[in-house]
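Residue strings, one per chain:
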Amino acid sequence: MFKGISLLLVLFSVLFLTVIVIGATGISDKILNGIIQDRLRAIRQQLSREIQNPEDLERALERIKEDLIRSYGLDKPWYIRMPDMIWRILMLDLGNSRTVRSFSGSNKISDIILERMPNTILLMVTVLIINFILSLVVGVKAATKPGSILDRFVSVYSAVSYALPSWWLGILMILVFAFYIKIFPFGGMYSTPPPTDPFMRSIDLIWHLCLPVLTLTIATSGSWIYITRSIVITTAQEDFVTTARAKGLPERLVLWRYIIRVAAPPILTNLILGLAFYLGGAILTETVFTWPGMGLLYFEAIMSVDEALILALTYIFTLIYIIARFILEILYVLVDPRVRYA
Amino acid sequence: MVLLEIKDLKLYYKTMRGLLKAVDNIRLSLNKGETLGLVGESGCGKSSTAIAIMRLLPRNVGLFEGKIMFNGINLMDLSESEFREKIRWKKISMVFQGAMNSLNPVLKVGFQVAEPLILHQNMDKKEALKKAREMFKLVGLPPDFVDRYPHELSGGMKQRVVIAMALILNPEIVILDEPTSALDVSIQAQITNLLKNLKKELEVSMIFITHDIALASDMCDKIGVMYAGQIVELSSSENILLSPKHPYTQKLIASVPLLREEKMPEFIPGAPPDLVNPPKGCRFYPRCPYAERELEEKEPPLVEIEEDHFVKCWLYSG
Amino acid sequence: MSKYLRNTFSDFWASKVSKIGVFFLFIVITVSIYTLITFPLDYGVRYWNNPKYWVDNPKAAMPQWVNSFLGGGLLDHQIISTSVPQRSYPSGIYYMKFYEHVFDLKVDQFPTFLTLKLEKLVYYSSRTPTIKLFVTRPDNKTIELYRLVAEAPLPDEHPPYVRYAEEPKRILLSGETQLSYFLSEFLLKEYHVTFEPSEVTKIGYEKVIFGELYEDNFRPLKGKYIFTVLLHTLDSRDQIGKTTIIIGGQIYGFMGTDILGRDLSQGLLFGFPVALLIGFITSVLTTVIGASLGIIGGYIGGRLDDAIQRISDIMNNLPQLPLLIFLTFIFGGKLWVIVTVLVAFGWSTLVIVVRSMILQIKSSSLIEAAISLGASKWRIMAKHIFPQVAPYILSQMIFYTPSAILSEAALSFLGLGDPSIPTWGQILEYGFRNGAVFLGYWWWILPPGLLIVFSAVTFVFIALGLEPVVNPKLKRWR
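Each chain has its residues counted from 1, running along the sequence as written. For naming, the first written chain is A and the first written ligand is 1, with later ones following in the order written. Residues qualify for local features only when their pLDDT is at least 70, as the model is predicted, and side-chain atom pairs are given and counted only at 80 or more; totals for whole chains, interfaces and linings, by contrast, use all residues.

1. Considerations on the overall build of chain B
This is how it is decided: Helix numbers and strand numbers start at the N terminus; a helix is a DSSP run of H or I with at least 4 residues, a strand a run of E with at least 2. Throughout, the radius of gyration refers to the C-alpha atoms, and the reference size of a globule is 2.2 Å times the residue count to the power 0.38. Contact between two residues is assigned when their C-beta atoms, built from the backbone, lie within 7 Å.
Helix and strand content of chain B: nine helices and twelve strands. The C-alpha atoms of chain B give 20 Å as radius of gyration, which agrees with the globular expectation for 318 residues (20 Å, within 12%). Taking the contacts inside chain B whose residues are at least 6 apart along the sequence as the reference set, 63% of them involve residues at least 24 apart.

2. Points about the overall build of chain A
To keep it simple, the criterion reads: Labels follow a simple rule on C-beta atoms placed from the backbone: if 20 or more others lie within 10 Å of a residue's own, it is buried; if 12 or fewer, it is exposed; otherwise it is partly exposed.
In terms of helices and strands, chain A carries 13 helices and zero strands. Expressed as a percentage of the 342 residues in chain A, the buried residues total 37%. Here the contacts in chain A between residues at least 6 apart in sequence split such that 69% fall between residues at least 24 apart.

3. Quick notes on the interface of chain A and chain C
What counts here: When residue character is reported, Ala, Val, Leu, Ile, Met, Phe, Trp, Tyr, Cys and Pro are called nonpolar, Asp, Glu, Lys and Arg charged, and the others, Gly included, polar.
With 39 residues of chain A at the contact, the number on the chain C side is 34 residues. Going through the elements one at a time, α1 (2-24), α6 (149-163), α7 (166-180), α10 (251-289), α11 (294-303) and α12 (307-335) of chain A are the ones with two or more residues in the side of chain A that touches chain C. Per element, the largest residue contribution to the side of chain A that touches chain C is eight residues, and it comes from α1 of chain A. Of the residues contributing to the side of chain A that touches chain C, the split by class is 30 nonpolar, eight polar and one charged.

4. Examining the confidence of the model for chain B
Quick reminder of the rule: The quantity called pLDDT is the predictor's confidence in a given residue, expressed from 0 to 100.
Looking at chain B, pLDDT values average 87 and 99% of them are 70 or higher. Per the prediction output, this complex has pTM 0.76; the corresponding ipTM is 0.82.

5. Structural notes on helix α12 (residues 365-372) of chain C
Burial analysis of α12 of chain C places just zero of its eight residues in the buried class, which makes it a mostly uncovered element. Directly after α12 of chain C, the chain includes G374 of chain C, whose backbone phi takes a positive value near 95°.

6. Describing the interface of chain A and chain B
Each partner contributes residues to the interface: chain A has 16 residues there, and chain B has 20 residues. Of all the elements in the fold, those that place two or more residues in the side of chain A that touches chain B are α9 (239-246), α10 and α13 (337-340) of chain A. Ranked by the residues each element gives to the side of chain A that touches chain B, the list is headed by α9 of chain A, at six residues. Here the residues of the side of chain A that touches chain B sort into six nonpolar, three polar and seven charged.

7. Some remarks on the domain arrangement of chain B
How large an interface is tends to be reported as the accessible area lost when its parts come together. Residue and element names in this part refer to chain B. Threshold: Just so you know, the domain bounds were taken from an automatic or database domain assignment.
Domain annotation for chain B reports domain 1 (2-91 + 172-316) and domain 2 (103-170). Here domain 1 and domain 2 have C-alpha centroids that lie 29 Å from each other. With eleven residues of domain 1 in contact, the opposing surface of domain 2 contributes eleven residues. Among the elements that take part in the side of domain 1 that touches domain 2, helix α6 (residues 185-202) stands out by supplying five residues, more than any other. Here the side of domain 1 that touches domain 2 is built from residues that sort into nine nonpolar, one polar and one charged.

8. A short note on the sheet that holds strand β11 (residues 223-233) of chain C
Residue and element names in this part refer to chain C. Under the convention used in this document: Strand pairing is assigned whenever DSSP detects at least two bridges linking the two strands. Each axis is a line fitted through C-alpha atoms, taken for helices only over the stretch in contact, and angles between the N-to-C directions span 0 to 180 degrees.
Pairing within the open sheet is antiparallel, and its five strands lie in the order β2-β3-β11-β5-β6. Looking at strand neighbours, the two that pair on one side only are β2 (87-91) and β6 (142-149), the edges of this open sheet. The sheet shows a mean angle of 20° between the axes of neighbouring strands, taken without regard to direction. Direction of pairing for strand β5 (residues 130-136) relative to β11: antiparallel, over a ladder of seven bridges. Bridge pairing in β11 places F134 opposite T228.

9. Side note on the packing of α6 of chain A against helix α8 (residues 198-236) of chain A
Two quantities define a packed helix pair, namely the angle between the helix axes and the distance between the axes. All names here are of chain A. What counts here: Orientation categories follow fixed angle ranges, with anything under 35 degrees roughly parallel, anything over 145 roughly antiparallel, 65 to 115 roughly perpendicular, and all other angles oblique. The crossing is said to be left-handed when, going from far helix to near helix, the turn is anticlockwise and less than a right angle, and right-handed when the turn is clockwise.
The interhelical angle for the contact between α6 and α8, taken along N-to-C directions, is 135°, at an axis separation of 8 Å. When the interaxial angle is binned, α6 and α8 end up oblique. As for how α6 packs across α8, the hand of that crossing is left-handed. Two secondary-structure elements touch here, α6 through V154, S155, Y157, S158, S161 and Y162 and α8 through I218, A219, S221, G222, S223, I225, Y226 and R229. Each residue belonging to the contact of α6 with α8 can be placed in one class, and the counts come to seven nonpolar, six polar and one charged.

10. Considering helix α5 (residues 177-191) of chain C
Residue and element names in this part refer to chain C. We count it as follows: What a helix is expected to span follows from its residue count: subtract one and scale by 1.5 Å.
Between its first and last C-alpha, α5 extends 21 Å over 15 residues, near the 21 Å set by a 1.5 Å rise per residue. Within the span of α5, buried status applies to L179, S180, F182, L183, S184 and F186. Against the buried residues of α5 lie β6, α6 (197-203) and α7 (205-209). H192, located one to two residues past α5, shows a positive phi value of around 55°.

11. Quick look at the pairing of strand β6 (residues 92-95) of chain B
Residues and elements named next belong to chain B. The alternating pattern of β6 places I92 and M94 on one face and S93 and V95 on the opposite face, and all of these are buried. Pairing geometry for β6 and strand β7 (residues 173-177), over four bridges, is parallel. Its bridge partner being in β7, V95 is matched across the sheet by L176.

12. Here we look at the sheet that holds strand β9 (residues 222-227) of chain B
Residue and element names in this part refer to chain B. Pairing within the open sheet is mixed, and its eight strands lie in the order β6-β7-β8-β3-β9-β10-β12-β11. If you trace the sheet from one side to the other, it starts and ends with β6 and β11 (303-306), each paired once. Neighbour-to-neighbour, the strand axes of the sheet open up by a mean angle of 25°, direction not taken into account. Two strands pair when backbone bridges link them, and β9 and strand β10 (residues 230-236) are joined in this way by six bridges, in the antiparallel orientation. When the sheet's bridge partners are listed, V225 is paired in β10 with E233.

13. Things to note about unusual backbone geometry
Look at the link from T192 of chain A to P193 of chain A: it is a cis peptide, with omega at -5°. Locating P193 of chain A in the fold gives a position in the loop between α7 and α8. Within the chain, N25 of chain B stands out as a residue other than glycine whose phi angle is a positive 70°. Here N25 of chain B is to be found in strand β2 (residues 18-31). Overall, N25 of chain B belongs to the partly exposed group, with 16 C-beta atoms counted inside 10 Å. Positive phi is not limited to glycine here, since N170 of chain B has a value of about 55°.

14. A short note on the environment of Q239 of chain C
Residues and elements named next belong to chain C. Mapped onto the secondary structure, Q239 falls in strand β12 (residues 239-247). Q239 sits in the buried class, given 21 other C-beta atoms within 10 Å. Taking the C-alpha atoms as reference, Q239 lies 67 Å from P319; in sequence the two are 80 residues apart. Setting aside residues no more than four positions away along its own chain, Q239 makes contact with K97 and V122.

15. Re the packing of helix α11 (residues 335-362) of chain C against helix α13 (residues 377-413) of chain C
Residues and elements named next belong to chain C. Two elements in contact, α11 and α13, have axes separated by 10 Å at closest approach and are oriented at 155°. As the angle between them shows, α11 and α13 are arranged roughly antiparallel. The two elements α11 and α13 meet at a crossing, and its hand is right-handed. Across the interface between the two elements, I338, L342, G346, L350, V354, M357, I358 and I361 from α11 touch I385, Q388, V389, Y392, I393, Q396, Y400, A404, S407, E408 and L411 from α13. Residue classes in the contact of α11 with α13 are distributed as 14 nonpolar, four polar and one charged.

16. Here's the deal with the environment of R245 of chain A
By the secondary structure assignment, R245 of chain A is in helix α9. Along the chain, R245 of chain A and Y157 of chain A lie 88 residues apart, while their C-alpha atoms are 32 Å from each other. Contact partners of R245 of chain A, with chain neighbours within four places excluded, come to V254 of chain A together with L56 of chain B.

This is the structure in structure tokens:
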């Protein structure tokens, strides 16, 4: 409960800070002016068909412009506009993008984001599942035989993968597998043109998914596996594990019920802490592989200085992060009874 | 009727410095319905003896040999799976040192007590939990505590749970390793009483490991005094208490503070020997007030000086 | 105290990882010092981002040592200059000065481009001199390639007239239409084949100049080529300060070049001190702030502690990279901005851990004794508390360094880095943006990444080596 409140506080403060920063540096003025200009242009086109006299046209447009300025609040300084902006974003009224269009041609940021989000989620969830399985299999195996070759390999692998930039690894992968060995595509989510048959389409998707997933997995699994291994080793030395064996439980049961289940909460905590990494990883990996998700969108927005889109995406990213943290905290409470009544 | 007979038991551990001779050739016997106390300082090998009997050997075992006769079978002849199926927890169970850590923190205590039933007797969960409730009543816990988690229980309660857990399969022998050391004195008394009651009601034989000789004399019928991995004296608790023969036993008795006497408790000078390189002869030699130079090299045998009273000392072996 | 240090050091030195880490660090520091001494501090702005400086280099050329692996079949980039005419003699009223450049084509490759560079033309005669470029091929055929008349004197100028002094005259022959006519003529005369000038342009001048026609194809003609710059003038005092012929090769330098012709070895070298600086400053600042707040909050407690806790809790819950990107984008990608943002996100994790350590230490009898002796709060914190947490703080500082390096590299890769300084991330960004991946320019892609990993791994290893010192439980018995 308490955690939930503090997370919401985070969201608010981020939003707050973002808007302040944008306002104080004058960018929000630019955005709104830009929006007004766009609308004026559209209106001008319409009106010029109706009003033939150029002087009348200009006068009419001036009046409309003043109305617009007033309605967007540009006649007042930014700190008065702020609450309204915050409210709008909170209500997910994210406005329009200046430079990007959704695949269906819409300018609305919410449409664009909604289109891209599943792609990012597909990528992230796949990597998450693989990491989870890997850490259970490899991490636990290494923990049950500390000092073995596998265990030492795990330590070295984690150290190296920590120092390895995931985006450079991605570039390397493309160079090796797409350019030299020519076995995987250079990027993107589907081939152009994408196959029409749904089965072939899924195969095409999986084929395109391989390199980004491989890259992200190599870059992030290191710490997962190492954390799992360390915590499992510590847990396995606890007295209740010996007691469990004394009670005659078969080794597999001891492993699952007494070691892994007990190690789950601290492992989960560490994963929560590493979640932020994932978001960053999404942005970088999607950029390298031209994967049409929110990460690439963020990159494109920055490159083309599309302020409205940047603001919206920063907020959405933070929101997703908060939600994910929230879910993990709930999971944690479910898994560790010691926390339940605290 | 002799239930358990241990002869020439050795358990050595492999360490960085060499072989640690934790249990070095001991002999013990336990009769049905008896409580045998195993007394000694920390590091003398009492817990290792328990581990040896329960065959819960760690990874770094160097040597494990000897005879452990239980109901006529040498337990050392059994394979690990045979031992696990037939003996461990079913016939011989254990209450470990530090009950606080013997319980899995994420499982309900009732389930942990019922687990052996589900596992070994193929009972279904409901049935097993019912039995657990009965066992809880027996050890003095309210039956609906079965739904609690370990962190919701006090130290004394946890100890009772662990005792219930050890008794659930109705074993013939229960080994208790310092069951009261981590508890405060009033709870200690409760647990001691509980154990005495259980002994009477269930007719279970116990091996009671402790460093507190006074406690042992209260609880146990027979006491074995261990020093540096060896049994140095073994007899009934009266004999041990009232006519201790081995100098170490004597010093142990003398170190207990007495409530009504003015005498200061004595302490034993020196420290226990290094079990990687123990003294070649009598291991107590460096601290023994009766030590004589010539006896340094040779190890005294364990001899029966009177009926059921064994001592390992040159003072009694010519 | 010194015994404690000695023990600490021997614990640290015991593991193999520490030794490797320190060795790597030594390399990094040495290279950084070397770079800072050899290159000016404004190297980035003055040279790296100045395309004119790199104009004479081949674009996207592989490193020179590749040649030995590929059997020596690649053409080395050559810059041939001369300042003194080989021959000079009068010819009627004129004077001729021949500046010669010898180029030996030893491999079966065509040069990628051809450039003529003229520096410091000084002439005295009122009639402007003419400059011509000829090449004599190994098959003794001579081609006129280029003709140029120097700029006439301005009305207010007096002899001697100086041209191409501040800025050399650079003629990219590969792009001059003059050559298409000369070469078309040459082909007609020597091989009796007709190639329109436009066709010649399509084929590529280098193929014609350096090749022989063989069954509709041009094959590289190996052997000695003599490029002559002829200064045709009225006054014998006229001269060209330096003439240069640049033969575009496929390999260049120690690490090759990028698409702008920049010598990658220089850019890569410069990345060392930058990485070291960023890593060091960021981690030191983060650690100092985080540890101080943790100690102060943990020890003094009360509302100050609550405030510190609240703030660090909020900061801990922030997603780092998106906000990092956002802030860098808003405030610009200058170095101090990046450092500030990294520090701002980093200190909060340290505060929480340090604080809990302090809480434990606070209740120890050592502190009780110190308080009862009348020591002030600050003295206790400095003298009694800090030394106990110092090893942990130190190891965290070292552990934080690679993440600072990696974060900066990531930001640069996204194009948000400091453009005035070449960093490894930036080199990769430029490469990625220009399709180096899709064109297989491995020498552009592999080294910067490897160096990032190398410098990060250095600190990871040292931090791993420090772990047993900090956490005695992990010490291995020797």
